[in-house]
Amino acid sequence: MAQVREGFQSRLGFVLAAAGAAVGLGNIWGFPTQAANHGGGAFLLVYFIVIFLLALPALYTELYLGHQAQANPVKALKQAWQEKQPKIGASAGYIGLAGAIVMLSFYSIVAGWMLAHSLEPLARLTGWDAASQFLSGDSTLRNFIFTPLMLLLTAAIILQGVKSGIEAWSRRLMPLLLLLLIALIAYMGTLEGAAAGFKAYLVPDFSKIGDPELIIAAMGQAFFSLSLGVGCMMIYGSYLKPNENLPKLTFSVAMLDTGVAFLAGLLIIPALFIAQNNGVEVFQNGKLVGEGRLIFAILPELFATMGEIGLFVGLTFFVLMSIASLTSTISSTEIPVSFLVENHGFKRSQATWVVTLILFVCSGTIIMNFDWLFGLVIQVFTQYQLPLMGLFYFITVGWVWRRGNQLALECSGKMYWFAQYVRFVCPVLMTAVFANVAFFK
C-alpha cells in the first residue's frame, strides 16, 4: 500500500521552513566575512541587486521543479527530462542526493562545534574549567561527541514528519533565531567601536561597486546563502499544495533569508570593530583574519574582554549559531529520507535511521582524516557541485522541460519575460559564478 505523502499545512510554515533551510552558517558566518572583505556597504548594495538578478530566479527554478513534480529530486528531475533523456535527469538527482550527504557530513561536524561552544560559557559559569577547555578546544573526541549529537537532534525532528517535525520546529526555531539576533545587535550597538562598524557596513563606497571581484563574490554568496543547488528547495517545493502561489512564496523566502543575512552583518561587522577597539587583532593587510578564526577565536576573544556579561553574550551567540545549523541540517537530511521513502518504500522511521547511520559513518571518516579531507570535501562541494547543479536546473527548466515551454506556458502574459530571462540570462550569470569559484578563487 502506497504511503500518503505529507506536505506543509500553512504558507507561514513553508516560508519559515524554507528560509530556515537557507538560513545557515552561510548567512551568519559567510555573509559578514564576505562583506568585511569586499568593502562593507558596497558589497551589501551589490548583494541586494544580485539577489534579484540571480538568486530569486534560481530559488524559483528549484522550488518550481519540486512543486510541479510533487516528488523528491530524483523523481522530479527524471520527470522533467522525460521527453529527452530521463536517465540524465535521474542521474543529476542522484548527484544532488550524494551532494546532500556530503554536505551534511561536514556541516554536522561544524554544527557540533557550535553546539560545544554554546555549552562552554555554562561550564565557565559553574567553574568547571576542564570541561570549558575541552568544549572550546579542538579534539577528535569532542568531534565524536558533538557530531552525533547534532545528527540525533536532526533525526528527532525528521522522525516526526513534515507537519509535526519540519514545519512545527521551523515555527519555533526561526522566530527564536530572529529574536536572539536582534537582541545581540541591540546590545553590541551600545559598545564602544560599534558606530564605526555600522558606518563601514551601511555606508557604501561607490568607487568599489564596479570591482569585478566584489560583483562575483556577491553573486556566489547570494547563491550559496539560499542553499541552492543541493535539492533542499526542490524537496520543500514538492511539499507545497499544487495550487499555491509559488512566485509570492519564493519572494517571501528570499526576503526572509536576505533579511537574516543583513542582520548577521549588522551584528558581526560592528562586533569586529568593537573587538579591534578592545585590542583584538581583526584585520591583516586590509583583509579579515581567517574565516574559521572569526567565529572560534576573534569573537570568543571579544566576549572575554566584556567580563561576566561576555559569558551570556557568548552563550546567546553560539545558541544562535546552533539553531542556524539545525534548520539547515533538517532540510538536507529530508532529501535522502524522502528518496528512500518514495523510491524504495521505506517507512519514515527506517529511512531516518538509515540516513543518520550513513551520515555518522561519512562524518566519522572525515573526522579521522580531518587534516586533508575536511577542506577537500568543502572545496569540491562549494566550488563545483553547487554552481553546476544550479546551472543544470536553469537548463532543465529553460531548455529541456517540454523544450523549454513548461515555464513559458506558466509565465504567459505579463510574466513571459521571466521565462526568457531564466532561459537566456540566468545560465550565463551562473556560468560566471562557477568559472570564478572553480578557477579563480
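Scope of this entry: the structure provided in the associated data block. Just so it is clear, the model here is predicted, and its values are computed rather than measured.

Attention now moves to the overall build of the chain. Each helix and strand counted, the chain has 18 helices and two strands in total. For the chain, whose C-alpha radius of gyration is 21 Å, the value lies close to the compact-globule estimate of 22 Å for 441 residues. For the chain, the spread of C-alpha atoms along the principal axes amounts to about 65 × 50 × 40 Å. Burial statistics for the chain: of 441 residues in total, 58% are counted as buried. Restricting to contacts in the chain with at least 6 residues of sequence separation, those with at least 24 account for 83%. Averaging the positions of the 24 positive and the 21 negative side-chain charges in the chain gives two centres separated by 14 Å.

Moving on to a nonpolar patch on the surface. Judged by side-chain polarity, L119, L122, L125, I309 and F312 come together as a nonpolar surface patch covering roughly 400 Å² of accessible area. Contributions of two or more residues to the nonpolar patch are made by helix 5 (86–125) and helix 14 (308–344). For the nonpolar patch, the leading source of residues is helix 5, giving three residues. If you trace the backbone, L119 turns up in helix 5. Look at L119 and you get partly exposed, because its relative accessible area is 35%.

Before going further, it helps to examine the packing of aromatic side chains. By the definition in use, this model includes 29 aromatic pairs. When the centroid spacing of 6.3 Å and the interplanar angle of 40 degrees are considered together, the rings of F48 and F262 count as tilted. Placement of F48 in helix 3 (residues 41–69) and of F262 in helix 12 (residues 246–277) is noted, with a sequence separation of 214 residues between them. In this structure an aromatic cluster arises from ring pairing among F106, W113, F296, F303, F317, F318, F370, F374 and F381. When the ring centre of W169 is taken as origin, the NZ or CZ atom of R172, which lies over that ring, is 4.6 Å away. One Lys or Arg, R423, reaches over the ring of W399 and ends 4.0 Å from the middle of that ring.

All right, on to helix 5 then. Across its 40 residues, helix 5 extends 58 Å between first and last C-alpha, which sits within 8% of the 58 Å expected from 1.5 Å per residue. Within helix 5, 28 of the 40 residues are buried, which leaves the element mostly enclosed by the surrounding structure. Backbone geometry just downstream of helix 5 places G127 in the positive-phi region, at approximately 75 degrees.

As a further point, take the environment of G137. If you trace the backbone, G137 turns up in the loop between helix 6 (129–136) and helix 7 (140–158). Counting along the chain gives 20 residues from G137 to H117, while the straight-line C-alpha distance between them is 9.1 Å.

Another point: unusual backbone geometry. Residue Q70 is not a glycine yet carries a positive backbone phi of 50 degrees. Relative to the helices and strands, Q70 is located in the loop between helix 3 and helix 4 (73–80). Residue classification places Q70 among the partly exposed positions, given a relative accessible area of 26%. Phi is positive for S227, which is not a glycine, with a value near 55 degrees.

Reading guide: rules and limits
Residues numbered from 1 in each chain as written. Predicted model: local features only at pLDDT ≥ 70, side-chain atom pairs only at ≥ 80, totals over all residues. Heavy atoms only, no water. Helix = DSSP H or I, 4+ residues; strand = E, 2+ residues; numbered from the N terminus. Rg over C-alpha atoms; globule rule 2.2 N^0.38 Å. Buried < 20%, exposed > 50% of the residue type's maximum accessible area, 1.4 Å probe, protein only. Contact = heavy atoms within 4.5 Å. Lys, Arg positive; Asp, Glu negative; His and termini not counted. Charge placed at Lys NZ, Arg CZ, Asp CG, Glu CD. Patch = residues over 30% accessible without salt bridge, like charges linked within 9 Å, V, L, I, M, F, W, Y side chains within 5 Å. Areas by Shrake-Rupley, 256 points an atom, 1.4 Å probe, with all protein chains shown as cover. Salt bridge = Lys/Arg side-chain N within 4 Å of Asp/Glu carboxyl O. Phe/Tyr/Trp six-rings, centres within 6.5 Å; stacked < 30°, edge-to-face > 60°. Lys NZ or Arg CZ within 6 Å of the ring centre and 35° of its normal. Expected span 1.5 Å × (residues − 1).

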